[in-house]
There are 4 protein chains.
Amino acid sequence: MSNSGSGSGSGRPIGLAVIGAGYWGPNLIRNAQATPALRVEWLCDLDEARARAVLGDYSTVRVSTSYRDVLADPAVQAVAIATPAATHFELVAAALEAGKHVLVEKPITAAYAEAVKLVELAERTGLTLMCDHTFCYMPVVRHIREMIHGGELGDIRFFDSVRINLGLVQPDVDVLWDLAPHDLSILDFILPPGVRPVSVSAHGADPLGTGRACLAYLVLRLSNGAIAHVHVNWLSPTKVRTTIIGGSRRTLVWDDTNPAARLQVHDKGVDRIEDTTLDHDARREKLISYRMGDVVLPALPEREALRAVMAEFAEAIGAARPALTDGRAGLRVLELLEAASRSLELGGVAVAVGEQS
Amino acid sequence: MSNSGSGSGSGRPIGLAVIGAGYWGPNLIRNAQATPALRVEWLCDLDEARARAVLGDYSTVRVSTSYRDVLADPAVQAVAIATPAATHFELVAAALEAGKHVLVEKPITAAYAEAVKLVELAERTGLTLMCDHTFCYMPVVRHIREMIHGGELGDIRFFDSVRINLGLVQPDVDVLWDLAPHDLSILDFILPPGVRPVSVSAHGADPLGTGRACLAYLVLRLSNGAIAHVHVNWLSPTKVRTTIIGGSRRTLVWDDTNPAARLQVHDKGVDRIEDTTLDHDARREKLISYRMGDVVLPALPEREALRAVMAEFAEAIGAARPALTDGRAGLRVLELLEAASRSLELGGVAVAVGEQS
Amino acid sequence: MSNSGSGSGSGRPIGLAVIGAGYWGPNLIRNAQATPALRVEWLCDLDEARARAVLGDYSTVRVSTSYRDVLADPAVQAVAIATPAATHFELVAAALEAGKHVLVEKPITAAYAEAVKLVELAERTGLTLMCDHTFCYMPVVRHIREMIHGGELGDIRFFDSVRINLGLVQPDVDVLWDLAPHDLSILDFILPPGVRPVSVSAHGADPLGTGRACLAYLVLRLSNGAIAHVHVNWLSPTKVRTTIIGGSRRTLVWDDTNPAARLQVHDKGVDRIEDTTLDHDARREKLISYRMGDVVLPALPEREALRAVMAEFAEAIGAARPALTDGRAGLRVLELLEAASRSLELGGVAVAVGEQS
Amino acid sequence: MSNSGSGSGSGRPIGLAVIGAGYWGPNLIRNAQATPALRVEWLCDLDEARARAVLGDYSTVRVSTSYRDVLADPAVQAVAIATPAATHFELVAAALEAGKHVLVEKPITAAYAEAVKLVELAERTGLTLMCDHTFCYMPVVRHIREMIHGGELGDIRFFDSVRINLGLVQPDVDVLWDLAPHDLSILDFILPPGVRPVSVSAHGADPLGTGRACLAYLVLRLSNGAIAHVHVNWLSPTKVRTTIIGGSRRTLVWDDTNPAARLQVHDKGVDRIEDTTLDHDARREKLISYRMGDVVLPALPEREALRAVMAEFAEAIGAARPALTDGRAGLRVLELLEAASRSLELGGVAVAVGEQS
């Protein structure tokens, strides 16, 4: 099975089936329909009425309750999968085996070992396997990545992300698996080459007695000595989505609830002064100076992230190249999630990343 | 030595000496001068010029460089100590031994064992030993305490406090000992009777290589199963001072940088539904319902906290009763700080509170 | 021509044509499609490609470039018109004459005299003529109206509305006709019965030399002695949408850019004290006392206003009753706009409302 | 009488008396005491107890109830006057006649004709007459002035200032005379040379029946065709202090309630396109383009404005030069206030500036 014949290079749109008409499915449908390089053929869900309701009364898109039928349709060259994580392995494997390119929701699978098999299968078949790490396609995240990779922040010193809101307590996942993939995929995406998380500590609480953590704190140690911290919480009555990324040259504050100042670039910070003529105490006292500078709010385009996800999916298929957030990115995020879960069980002990692989 | 003869009951103001003209001393001087029940006699500092500069050119308050001279003055019945923590033990002990009431900055001493001696000395002599846990005297914190003790929040489920800003890297203490005493003294103050921290985990980082942590995360487990988290940071270019206190009935959001909505009382949250007629899965799914309700911003007086500290100090002396934030409160906070430091050294391992006592 | 036979009472959806595929048309299409009581039959625009682009590649809705053809279709019982204001008179008249119910964008027509004819025509034929005063269907505006009509604010004392942003300088209308209809329709909607604007003063400026006002200030005197002020501005780099409504009992602050505190109900204000025992000066000084009270942020549903517009349109047709924002509401807003334009020409002189009718 | 002998050039501090221990007097005292170039000799108030209370129990500053005694003291070379406006003429005149330099609160007097006499008297005697236009000494206002005078904004197109809060209804002045002097003095201070207000329209309301306007709107037409608008309001439960200054190159947004983003410099706006090859309609449509650019928040020092007022007062005396906000600045602001009051009486008619002089 190979990528040849996908037809996407010829300018004809890529036939797409969306599988899963739940929470995220409607967003996939809407954005895929708005992407010229894609042609939505099917919406597939076990609940036919639900699928029809998502499409509404005016749609020419077909509905199916059988993913096997959909995969058998030669008009379908690619699938976008938005079902519960526990079903990802079976569905992605079936799609790849049927020669279809795959866009899959986070997390890529429920278990690392399964995800490895999928990545290897995609690589063997030459098919595109892309993870829908939606946040990586926000203009603000692209901008942050470019600033970091371009050296404008200097060395990364700390990363602090808060993602809290009143959320739906999920029947199948804890808050870590529900929300932290966003922060971890962003972290994975923006870190400069060579800097990776090396350990994870996780602390959680289940104050409602639901059987799973409803709020959690993650501490990640990075290979360059920096620290990353993530606070995810379903029980906060107030919505906070703020990420601070401290660098040796500049520090970024991204407040996603503040459209008028979504990204602040602070040209102020704290420096070490190296003055070897001072005695020990004086050096210590003067070690640190302060720079106060202007703050810049870069102009960012207003663009829906999922639109860019769809465009990237189509482009990666057309060019037969790995997507920006490919299966390996999904693997890296999954590895962090599994380490976090183990730490949670162990009461917060630091778990090395890569132990489970 | 006893409290008799302090003269405070007679309506005559209590003679006060302030020791330490550094960062906090000027605030003590200004607020003590505005307190009718106190009479400021001395400002004492090793650096006489600094003390004179604090008083300015128009003051009748006397300056001394010798705390022993000041303690020998019979016009002085009380002292307020705002010197580095390492000097607290010597100064407080000397003051108590001289029969003076003491107000001391946080932390009460640099070491738990020393603080125990001071508390016992104060109790033996019948003198007031009060810790300047300033934040406990903010109107908003008093209001929060009253709501919690009055049961309006229900059971406390989580406490999350963020205190970050661009701060001065201190020559003698890390960010934990500089900033976390505020959060820990607030937590100590507002928790309902019987609920106490039982363990502390701390994670920190020193990305500037200053030799001490410049940002830190604390996780405290409380005796009722709740979790508390504190984020303190000297390297944040943006100032955040937000505390969220989740209860089973209501949740509070205190944003101290937002005077127009400093305290929000959210009457919405997440409940467990106990419906034993449902099967296991349905119960799980329906376990949680959502209440959406109004948010109330209670009217709070605008009052400087340190003014209330001074009034409480004078009242406690006059009534020969323990101050609201007495030496024992200082001990409890110190115990948490020491546990946090030990956890920091151990790489984040949970340290039981009370091990060191 | 009469309303009988519209079929809407029978439970079958009302056949709808949308005329105009410009800025607002796509929103009408999307919301009409989501309204079960409506059945979208046509999208009509002189530019067929534009209409097709609005519908996208997956729609079963038909496209036409002839509104006459559309009006001739017996499957069409109602039309929604989103074309430039200058075309409204012709289109609405044609639709009513063809026996169709009409929803028309603001302003109802470009001239008062024309609008009077349309309103009379609708009343004569028994057809529904509704103005799309979208903002009146926001949950927050409904809530404000209910509070005012229920007496919770007491007497209305002032109304201050700011609607500024970087806006598109329009080729055919000034900022007054572009933005102020929103504020004036809201004012019309929420004022208690019997209170009406009696005069309008308008001040504007055209600092870019575009030939029309790009920012304007309106002052309206109300029949109860209150004042209303509206600031509309296309040149502000920052977006402000704040309305303050002062009452004798409570004051509302509606900040539409702040979803977390969209509506604030302030139970504080300023009262007159009537104490006749005081002499003149003392009375004056004590005339005013201050109440400080809690602020309440009422829970409001999150609902798209245009969805409610569509529902109201369908209900009004079905019940053969005037819509909440009927043609007469459109007339009242238009009257204010014309008075404002006249005042603008006269350099800000107060123009009585109703002079032109 | 001349300025010689003031002694300020010799490095000895200037002897100062503060007259008026009401709302603003304590701030003058505090800041004058912190200014090395000044030496506070007296606090003078008809109410001796009030003056003593302002000084507190620890001050060496003398109290007097007689301004004549104070003016007779040769140690006094300058006075700062913070009494009700109606008393300014008598007090300033007496001080100047006694050879004293004068700093006077806004407005300089209650009537233009009186102020002219004072300005002429000061110029004749060579004494410094300075108006305490405090806001002009805020770092942010200095920065704005420098940007405008340096051409960074391009041509000024509009100025919009909102200064609203729950305020004390004053016994002697309306909201216009209480609050608008701030905005008008800022406008006077920042406008580029040669641009002046030429007319004023004012609309006000007295919804409490207090006998004076409690909210008011001012429209000023400037000599370059720009418009300025000021909204002052004692009845707003929410505090807004926002000034937008639109220029042809950049636009400023100054939000004084937001310390983290007090001044925003927007490098985006709306331009005219001059393309003479287009026909009339196309030109009109394309007349305007949009620039979207970064926003810069300039670093501004944190400094109390009144401290800078005191320093400027001392420097102007020492250098025998006009103060930055001299008597003529006070006159210009007074002229605008009087024109505004006349417009208010006339129901909003535009009143030319300079008619009364």
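About the criteria used
Residues numbered from 1 in each chain as written. Chains lettered and ligands numbered in written order. Predicted model: local features only at pLDDT ≥ 70, side-chain atom pairs only at ≥ 80, totals over all residues. Heavy atoms only, no water. Helix = DSSP H or I, 4+ residues; strand = E, 2+ residues; numbered from the N terminus. Expected span 1.5 Å × (residues − 1). Buried < 20%, exposed > 50% of the residue type's maximum accessible area, 1.4 Å probe, protein only. Contact = heavy atoms within 4.5 Å. UniProt positions renumbered as here; feature names shortened; annotations may be inferred. Polar contact = N/O pair within 3.5 Å; in protein donor to acceptor, adjacent residues only side chain to side chain. Least-squares fit on C-alpha atoms with pLDDT ≥ 70 in both. Pairing = 2+ DSSP bridges. Axes fitted to C-alpha atoms, helices over the stretch in contact; angles between N-to-C directions. Domains from an automatic or database assignment. Buried area = accessible area lost by both parts, 1.4 Å probe. Salt bridge = Lys/Arg side-chain N within 4 Å of Asp/Glu carboxyl O. Nonpolar A, V, L, I, M, F, W, Y, C, P; charged D, E, K, R; others polar. Phe/Tyr/Trp six-rings, centres within 6.5 Å; stacked < 30°, edge-to-face > 60°. Lys NZ or Arg CZ within 6 Å of the ring centre and 35° of its normal. pLDDT = per-residue confidence, 0-100. Right-handed = clockwise from strand over helix to strand, strands pointing away.

A. View of helix α9 (residues 305–319) of chain B. Residues and elements named next belong to chain B. Relative to the 21 Å expected for 15 residues at 1.5 Å per residue, α9 spans 21 Å between its end C-alpha atoms, a close match to the ideal helical length. Here α9 has its buried residues at A305, L306, A308, V309, M310, E312, F313, A314, A316 and I317. On its buried face, α9 sits against β1 (14–19), α1 (25–33), β2 (38–44), β4 (78–81), β5 (101–104) and β6 (129–131).

B. Region of the structure containing the UniProt feature "domain: Gfo/Idh/MocA-like oxidoreductase N-terminal" (unreviewed entry) in chain A. With numbering aligned to this structure, UniProt lists the feature "domain: Gfo/Idh/MocA-like oxidoreductase N-terminal" (unreviewed entry) at residues 15–133 of chain A. Strand forms 24% of residues 15–133 of chain A and helix 39%; the C-alpha atoms that close the span are 22 Å apart.

C. Main features of the side chain of S236 of chain C. Its location among the elements puts S236 of chain C in strand β11 (residues 235–247). A polar atom in the side chain of S236 of chain C sits 2.6 Å from the backbone oxygen of T238 of chain C. Here S236 of chain C is in contact with I164, N165 and L166 of chain C together with I244 of chain D, once residues within four sequence places are set aside.

D. Region of interest: the relation of the copies chain D and chain A. Once chain D has been moved 0.0 Å along the axis and rotated by 180°, it coincides with chain A to within an RMSD of 0.0 Å. The superposition of one copy onto the other is thereby described by a two-fold rotation axis. Across chain D, the smallest distance between a C-alpha and the rotation axis is recorded for V296 of chain D, namely 2.3 Å. Taken together, the interface assignments show that 100% of the residues at the interface of chain D recur at the interface of chain A, consistent with an identical surface on both copies.

E. Region of the structure containing the sheet that holds strand β4 (residues 78–81) of chain C. Residue and element names in this part refer to chain C. If you walk across this open sheet you meet the six strands as β3-β2-β1-β4-β5-β6, and the pairing is parallel. Two strands close off the open sheet at either side, each with one partner strand: β3 (62–64) and β6 (129–131). The sheet shows a mean angle of 25° between the axes of neighbouring strands, taken without regard to direction. The pairing of β4 with strand β5 (residues 101–104) spans four bridges and is classified as parallel. Among the inter-strand pairings, A80 is bridged to a residue of β5, identified as L103.

F. A look at the environment of C44 of chain C. Residue and element names in this part refer to chain C. Relative to the helices and strands, C44 is located in strand β2 (residues 38–44). Sequence separation of C44 and V61 is 17 residues, and the distance between their C-alpha atoms is 10 Å. Here C44 is in contact with V18, I19, G20, A21, S64, T65, S66, Y67 and V70, once residues within four sequence places are set aside.

G. Focus on the domain arrangement of chain A. All names here are of chain A. Domain assignment breaks chain A into domain 1 (8–127) and domain 2 (136–303 + 336–352). Averaged C-alpha coordinates put domain 1 and domain 2 at centres separated by 32 Å. Of the residues lining the interface, seven residues belong to domain 1; the matching set on domain 2 comes to seven residues. Together, the buried faces of domain 1 and domain 2 total about 440 Å²; carbon and sulfur atoms form 59% of this surface. Sorting the residues of domain 1 by area buried against domain 2 places K106, P107 and Y112 first, and these three jointly supply 73% of that buried surface. On inspection of domain 1 and its partner domain 2, the count reaches zero salt bridges. In this structure, the connection of domain 1 to domain 2 is made through two residue pairs in polar contact (both at pLDDT 80 or more). Here the side of domain 1 that touches domain 2 is composed, by residue class, of five nonpolar, one polar and one charged.

H. Looking closely at the UniProt feature "domain: GFO/IDH/MocA-like oxidoreductase" (unreviewed entry) in chain A. In this numbering, the UniProt entry assigns the feature "domain: GFO/IDH/MocA-like oxidoreductase" (unreviewed entry) to residues 141–246 of chain A. Counting secondary structure, residues 141–246 of chain A comes out at 24% helix and 44% strand; the distance between its end C-alpha atoms is 15 Å.

I. Here's a closer look at the interface of chain D and chain A. Opposite the seven residues of chain D that make contact, chain A presents seven residues. In this assembly, chain D packs against chain A so that about 630 Å² is buried in total across both faces, 61% of it on carbon and sulfur atoms. Bridge count for strand β16 (residues 295–297) of chain A against strand β16 (residues 295–297) of chain D is three bridges, and the pairing is antiparallel. Paired with L297 of chain A across the strands is V295 of chain D, a residue of β16 of chain D.

J. How the structure looks around the packing of aromatic side chains. As enumerated under the stated definition, the model contains four aromatic pairs over all chains in all. Ring plane angle 35° and centroid distance 6.2 Å describe the contact between Y23 of chain B and W24 of chain B, whose orientation is recorded as tilted. Judged by its relative accessible area of 74%, Y23 of chain B is exposed. W24 of chain B sits in the partly exposed class, given a relative accessible area of 23%. The residue whose ring lies beneath R62 of chain D is W42 of chain D, and the NZ or CZ to ring-centre distance is 4.2 Å. Over the aromatic face of F135 of chain D sits the side chain of R163 of chain D, whose NZ or CZ is 4.6 Å from the ring centroid.

K. Looking closely at the confidence of the model for chain A. In the predicted model, chain A carries a mean pLDDT of 91, and the fraction of residues at 70 or more is 90%. Among the scores for the predicted complex, ipTM is 0.91 and pTM is 0.92.

L. The arrangement of unusual backbone geometry in detail. The residue after K106 of chain B, namely P107 of chain B, is reached through a cis peptide bond having omega -10°. Examined against the element boundaries, P107 of chain B turns out to sit in the loop between β5 and α5 (112–125). Located in the positive-phi region is A320 of chain A, a residue other than glycine, with phi close to 50°. As for its position among the elements, A320 of chain A is in the loop between α9 (305–319) and α10 (327–345).

M. Highlighting the pairing of strand β10 (residues 227–233) of chain A. Residue and element names in this part refer to chain A. Counting buried positions along β10 gives seven out of seven residues, so the element sits mostly inside the fold. Across the two faces of β10 the burial is the same, with I227, H229, H231 and N233 and A228, V230 and V232 all buried. Judged from the seven bridges that link them, strand β9 (residues 215–222) and β10 form a sheet pairing that is antiparallel. The residue of β10 that forms the bridge with Y217 is H231. Connecting the antiparallel pair β9 and β10 is a turn made up of four residues, with G225 showing a positive phi of about 90°.

N. Up close: the environment of D206 of chain A. Residue and element names in this part refer to chain A. By the element assignment, D206 lies in the loop between β8 (197–205) and β9. On a C-alpha basis, the gap between D206 and V63 in space is 39 Å, while along the polypeptide they are 143 residues apart. Beyond its immediate stretch of four places on either side in the chain, D206 contacts G211, R212, A213 and C214. Here G211 takes part through its backbone nitrogen, which lies 2.8 Å from a polar atom of the side chain of D206.

O. Quick look at helix α10 (residues 327–345) of chain C. Residues and elements named next belong to chain C. Here α10 spans 27 Å end to end across 19 residues, near enough to the 27 Å set by a 1.5 Å rise per residue. Counting buried residues in α10 gives 14 out of 19 residues, a clear majority hidden from the surface. Count one or two residues on from α10 and you reach G347, which has phi positive near 80°.

P. Layout of the pattern of salt bridges. Inspection of every chain in the model, using the stated rule, returns 52 salt bridges over all chains. Among the salt bridges present, the one from R262 of chain C reaches D256 of chain C, with a minimum N-O distance of 3.1 Å. When its relative accessible area of 17% is taken as the criterion, D256 of chain C is described as buried. Each member of the salt-bridge network shares a partner with another, and the members are R30, E304 and R307 of chain A.

Q. Fine view of the pairing of strand β5 (residues 101–104) of chain D. Residues and elements named next belong to chain D. Burial along β5 is two-sided: the residues H101 and L103 and V102 and V104 are all buried. By the bridge criterion, three bridges tie β5 to strand β6 (residues 129–131) in an arrangement that is parallel. Note on β6: the bridge partner recorded for L103 is M130. What joins β5 to β6 is helix α5 (residues 112–125), and the crossover it makes is right-handed.

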